[in-house]
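# Fold and contact review
So the chains spell out like this:
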Amino acid sequence: MSIVMTRRTSRDLSVVSALETPPQRPKPGPLPSPQPAPASRPRPAPPATVLGYSPFALDSDALHFGLTTSSMRLRGGPVVVRHGRRTNSATATILLHGAAGSWTTWTPLLQAAHATERDLDDLIIPDLPGWGDTPLPADESTLTVESMAETVAEMARALGYERWNVVGHSMGGFVALQLAASETRATASVGLVSATSFSIQDSVRHPIRHFSVLPAFSALLLTMRLLRLVRLGGGASSGLIRVLARLNLMRGLVAPLFRRPGVIDSTVVVALGTEVRPAGFVLAAVRAGAYDAPGRWAQIVCPVRAVHGDNDVFVTADDDVRLRAAVPQCVISTIAGSGHFGQIERPLEVLLRLEFAAPLPVIPCSTVTIP
């Protein structure tokens, strides 16, 4: 069981080679809209093969990673997706971001893979509905955890893939696990990075009673509800976000999400500030709260591996216990020196923990010291 990774020499690691696509038979169903051929541009030079805390900035240029940007017209609505590095494999690697994020939150992981010659191929990295370049559906009542998983499956098949390894971060973990539950034959494996689960659901369903369980999330959800009301009342919550950014207050607001917020690159702060979308965040939280996690996840048959930081304010030890009960084959490990964004803070460690085929021990609740 593995996320597909390949080891290459430095001569192979060029954008041109990454963009070489073997002929594919046409597949039925929606097709991505035509895009101009990506230009040959240099990919980010790796600073080192031994990576410390938050070693990379976010990079919003898909061409740097040998990826094409497509706008796909699917049953659930339009979706913008970055995809590429096509091989002869029928199995894709799908990366799903969390709430208040976009596809760019995965770029440090891609850079860590490149720096250590563990490049990921057959990539599909969408902006989920309501985030990044993908709008919310016209009828928001149709947007559920189940419908998002259906959209991801339809997207993968439209791009010509029959199977996939799926990785979800934060609330993207709900979608990844639902995809595995609803597409048992097509889902080869699931990777979870700081996946929110049962404690988030409890906090959404009973915000006062469970406030002390995840105070950071409960406070954030309350703030988003207030900002959403401001917007509905004719105010401009986005304008408030811009003011906070100009006053350099955004770093303080996102600080609880990171183990060492002062070290995080400014591109991360800007990206999270851009993705502060109160309506989308509240909708995602409500949908997560209404989701039948134990019932759905009991249907999963593929291998599942989960990692989260030892300083993750959105994941509790009780979440680990309940996730193992719901998905007995799930292997859970803890990354030392990381908060809620492991793929940004410790991208190489996340990469290794999710490289299922690698002969690396993954010990639950490990506390290995990382530089």
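Everything numeric in this text was worked out from a predicted model, so none of it was measured.

Let us look at the overall build of the protein chain. Across its full length, the protein chain holds 14 helices and 10 strands. By residue count, 57% of the 371 residues in the protein chain fall in the buried class. At a minimum sequence separation of 6, the contacts of the protein chain that also span at least 24 residues come to 78%. When the accessible surface of the protein chain is totalled, it reaches about 15,600 Å², and 58% of it is carbon and sulfur.

Before going further, it helps to examine the confidence of the model for the protein chain. This prediction gives the protein chain a mean pLDDT of 81; 77% of its residues lie at or above 70. Averaged pLDDT values over the elements of the protein chain bottom out at 29 in helix α1 (residues 15–19) and peak at 98 in strand β6 (residues 123–126). Contacts for the low-pLDDT stretch residues 6–31, under 50 throughout, to residues beyond four places or in other chains number 50 contacts. Counting contacts from residues 45–49, a segment whose pLDDT is below 50, to residues more than four positions away or on other chains yields seven contacts.

Turning to the packing of helix α3 (residues 145–158) against helix α4 (residues 172–182), a few remarks are in order. The interhelical angle for the contact between α3 and α4, taken along N-to-C directions, is 70°, at an axis separation of 8 Å. Comparing the axis directions of α3 and α4 gives the class roughly perpendicular. Note that α3 runs across α4; the crossing there is right-handed. Of the residues in α4, those in contact with V145, E146, M148, A149, V152 and A153 of α3 are F174, V175, Q178 and L179. When its residues are assigned to classes, the contact of α3 with α4 shows eight nonpolar, one polar and one charged.

Take the sheet that holds β6 next. Within a sheet, adjacent strands bond to each other through the backbone by hydrogen bonds, running parallel or antiparallel. Taken in spatial order, the eight strands line up as β2-β3-β6-β4-β7-β8-β9-β10 in an open sheet, and their pairing is mixed. Taken across any chain shown, the strands that pair with only one partner, and hence form the sheet edges, are β2 (67–74) and β10 (330–335). The mean angle between the axes of side-by-side strands here comes to 20°, regardless of whether they run parallel or antiparallel. For strand β9 (residues 304–309) and β10, the ladder comprises six bridges, and the chain directions are parallel. Paired with V307 across the bridge in β10 is S333. Together, β2, β3 (77–84), β4 (91–96), β6 and β7 (163–169) form the strand contacts of α3, whose direction differs from that of β2 by roughly 120°.

Quick look at the packing of helix α5 (residues 198–205) against helix α10 (residues 278–290) now. Two numbers describe how α5 lies on α10: the axes approach to 8 Å, and their chain directions differ by 105°. Classified by the angle between their axes, α5 and α10 sit roughly perpendicular to one another. Packed against α5, whose contacting residues are Q201, V204 and R205, the element α10 presents A285, V286, A288, G289 and A290 at the interface. Looking at the contact of α5 with α10 residue by residue, the classes come out as five nonpolar, two polar and one charged.

With that settled, the discussion passes to the nonpolar core. With 77 residues, the main nonpolar core has F217, W297 and L323 as its most contacted residues. Apart from residues no more than four positions distant in its own chain, F217 is found in contact with M171, I200, S203, V204, F281, A285 and F314. Within the second largest apolar cluster, 24 residues are counted, among which are L95, W103, L110 and L123.

Bringing the pairing of β4 into the picture now. Side chains on a regular strand alternate between the two faces of the sheet. Of all the six residues making up β4, six are buried; the element is thus mostly covered by neighbouring parts of the structure. Burial of β4 is two-sided: the residues T91, T93 and L95 facing one way and the residues A92, I94 and L96 facing the other way are all buried. Two strands pair when backbone bridges link them, and β4 and β7 are joined in this way by six bridges, in the parallel orientation. Note that in β7 the partner of A92 across the bridge is W164.

Another aspect to go through is helix α12 (residues 317–326). Within α12 the residues assigned to the buried category are D319, D320, L323 and A326. Seen from one end, α12 has its buried residues packed into an arc of 130°, which puts them on one side. Those residues of α12 that are exposed and angled more than 90 degrees off the buried face are A317, V321 and A325. Among the structural elements, α4, β8 (187–193), α5, α11 (293–297), β9 and β10 are those in contact with the buried residues of α12.

Relative to β3, β2 runs antiparallel, the two being bridged by eight bridges. The residue bridging M72 from the neighbouring strand is V79, located in β3. Linking β2 to β3, which pair antiparallel, is a turn of two residues.

Going through the model one piece at a time under the given rule, you end up with nine salt bridges. The salt bridge partner of E154 is R75, with a shortest N-O separation of 3.8 Å. Taken as a pair, E154 in helix α3 and R75 in the loop between β2 and β3 lie far apart in primary sequence, 79 residues in all. Residues joined in a network through salt bridges with shared partners are R82, D127 and D133.

The rules we used
Residues numbered from 1 in each chain as written. Predicted model: local features only at pLDDT ≥ 70, side-chain atom pairs only at ≥ 80, totals over all residues. Heavy atoms only, no water. Helix = DSSP H or I, 4+ residues; strand = E, 2+ residues; numbered from the N terminus. Buried < 20%, exposed > 50% of the residue type's maximum accessible area, 1.4 Å probe, protein only. Contact = heavy atoms within 4.5 Å. Areas by Shrake-Rupley, 256 points an atom, 1.4 Å probe, with all protein chains shown as cover. pLDDT = per-residue confidence, 0-100. Axes fitted to C-alpha atoms, helices over the stretch in contact; angles between N-to-C directions. Parallel < 35°, antiparallel > 145°, perpendicular 65-115°, else oblique. Left-handed = near helix turned anticlockwise from the far one by under 90°. Nonpolar A, V, L, I, M, F, W, Y, C, P; charged D, E, K, R; others polar. Pairing = 2+ DSSP bridges. Core = buried A, V, L, I, M, F, W, Y, C linked by side-chain atoms within 4.5 Å. Arc of directions from axis to C-beta. Salt bridge = Lys/Arg side-chain N within 4 Å of Asp/Glu carboxyl O.

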